[in-house]
Amino acid sequence: MGHFDETICDCCVCPMQCVLKQLIREEVVQIETRTDSVNLQITEVKNFIVSGIDDGTGEVVHFPICNISAVFPRETFSLELKPIKKSTKGECVCCEDPITNLANSLKGETVFIDYIGGGTPAIIRDVGEGIVIGEDTTGSGLIVAITSCAITEIREGSVKENDGFVNDTSDEKKRYRE
C-alpha cells in the first residue's frame with residue numbers, strides 16, 4: 001500500500017497513488033483532474049505519476065497524481081484504503097483531516113460531493129486517509145474514489161432517488177441543488 005513519509009504528500013497524494021496501483025490493468029477507469037477527464041487503461045503508477053493509454057485516442061498519457069481529483073473504475077471494485085490518521089502539521093491538519101472526518105461521520109449517507117473539476121451524487125461507503133469512496137446511487141455497485149484534498153463541498157439532502165454518477169465538469173451538477 002505504499003510508504004508514507006512525513007511530507008505534504010501524506011494526506012492525499014500517497015493515498016491516491018495506493019488506490020491507482022490497485023487499478024493497474026483493470027478495465028478502463030475515468031480519471032478526473034482539476035481541468036480534464038480522461039478514460040484511461042492504467043499501465044503504471046510510480047513516483048507520484050500515473051501512466052496509461054487514453055481510451056479515446058490510443059495515446060500514452062502521464063498524469064501527476066497531485067492533480068487527480070477523482071477516479072471512477074468502470075466495473076464494481078473493492079479498494080483497500082489506508083486507515084485514517086490524525087495529522088499534526090501542514091495542509092493535512094487544516095484541509096484533509098476535517099473533510100475526511102466529516103465524510104467518515106456520513107458513511108452510509110447519500111450526499112452530493114463537489115470536488116475540484118467535478119461533482120457527483122454518491123453514497124459514502126468507505127473513508128480512509130485522504131480518500132472518500134462513494135457508491136453510485138442507482139445500486140449499480142460502481143464506485144468513485146475522491147481525494148479528500150480536492151473536496152470543496154459535501155451537500156446532504158440534495159440528491160434525488162436513483163440519481164447516478166454525474167462525473168462531469170459542466171454546470172449539470174447544479175441541477176441537484178434546485
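By convention here, each chain's residues receive numbers from 1 onward along its written sequence. Restriction of local features to residues with pLDDT of at least 70 applies here, the model being predicted, together with a cutoff of 80 or more for giving and counting side-chain atom pairs; totals for whole chains, interfaces and linings are based on all residues. By convention in this description, side-chain values take in all heavy atoms of the structure and omit both hydrogens and water.

Some words on the pairing of strand β6 (residues 110-115)
- Within β6, five of the six residues are buried, which leaves it mostly tucked inside the rest of the structure.
- Direction of pairing for β6 relative to strand β7 (residues 118-128): antiparallel, over a ladder of six bridges. Bridging from a neighbouring strand, Asp-114 pairs with Gly-119 of β7.
- A strand pair is defined by DSSP finding two or more bridges across the two strands. Only runs of H or I of at least four residues qualify as helices and only runs of E of at least two qualify as strands under DSSP, and these elements are numbered from the N terminus. Hairpin connection, β6 to β7: the antiparallel pair is bridged by two residues, and Gly-117 has positive phi, about 100°.
- Inspection of the sheet shows β6 paired to strand β10 (residues 151-156) by five bridges, in the antiparallel sense. Residue exposure (1.4 Å probe, protein chains only): buried if accessible area is under 20% of the type maximum, exposed if over 50%, otherwise partly exposed.

Considering the confidence of the model for the protein chain
- Here the protein chain shows a mean pLDDT of 83. Residues at 70 or above account for 79%.
- pLDDT gives the predictor's per-residue confidence on a scale running from 0 to 100. Ranking the elements of the protein chain by mean pLDDT puts helix α2 (residues 91-105) last, at 86, and strand β3 (residues 49-54) first, at 96.
- Between residues 167-178, whose pLDDT stays under 50, and residues either more than four places distant or in other chains, the model counts 29 contacts. We call two residues in contact whenever any of their non-hydrogen atoms come within 4.5 Å of each other.

Focus: the pattern of salt bridges
- By definition, a salt bridge exists where a carboxyl oxygen of Asp or Glu is found within 4 Å of a side-chain nitrogen of Lys or Arg. Enumeration over the complete set of coordinates arrives at four salt bridges.
- Between Lys-107 and Asp-126 there is a salt bridge, and its shortest N-O distance comes to 3.9 Å. Taken together, the positions of Lys-107 in the loop between α2 and β6 and Asp-126 in strand β7 put the pair 19 residues apart, joining distant regions of the chain.
- The partly exposed category is assigned to Asp-126, whose relative accessible area is 27%.
- Residues Arg-125 and Glu-135 are paired through a salt bridge, measuring 2.7 Å at the closest nitrogen-oxygen approach. Here Glu-135 lies in strand β8 (residues 131-135) and Arg-125 lies in strand β7, a separation of ten residues in the sequence.
- Residue classification places Arg-125 among the partly exposed positions, given a relative accessible area of 42%.

Considering the sheet that holds strand β1 (residues 29-33)
- Spatial strand order, β4-β3-β2-β1-β5-β9-β8-β7-β6-β10: ten strands in an open sheet with antiparallel pairing. Each edge of the sheet is formed by a strand with only one pairing partner; in this case those strands are β4 (60-64) and β10. Taking the axes of each pair of neighbouring strands and ignoring which way they run, one obtains an average angle of 40° across the sheet.
- The sheet contact formed by β3 and β4 spans five bridges and is antiparallel. If you follow Ser-51 over to β4, its bridge partner there is His-62. A fitted line through C-alpha atoms represents every axis, and for helices the fit uses only the stretch in contact; the resulting angles, taken between N-to-C directions, go from 0 to 180 degrees.

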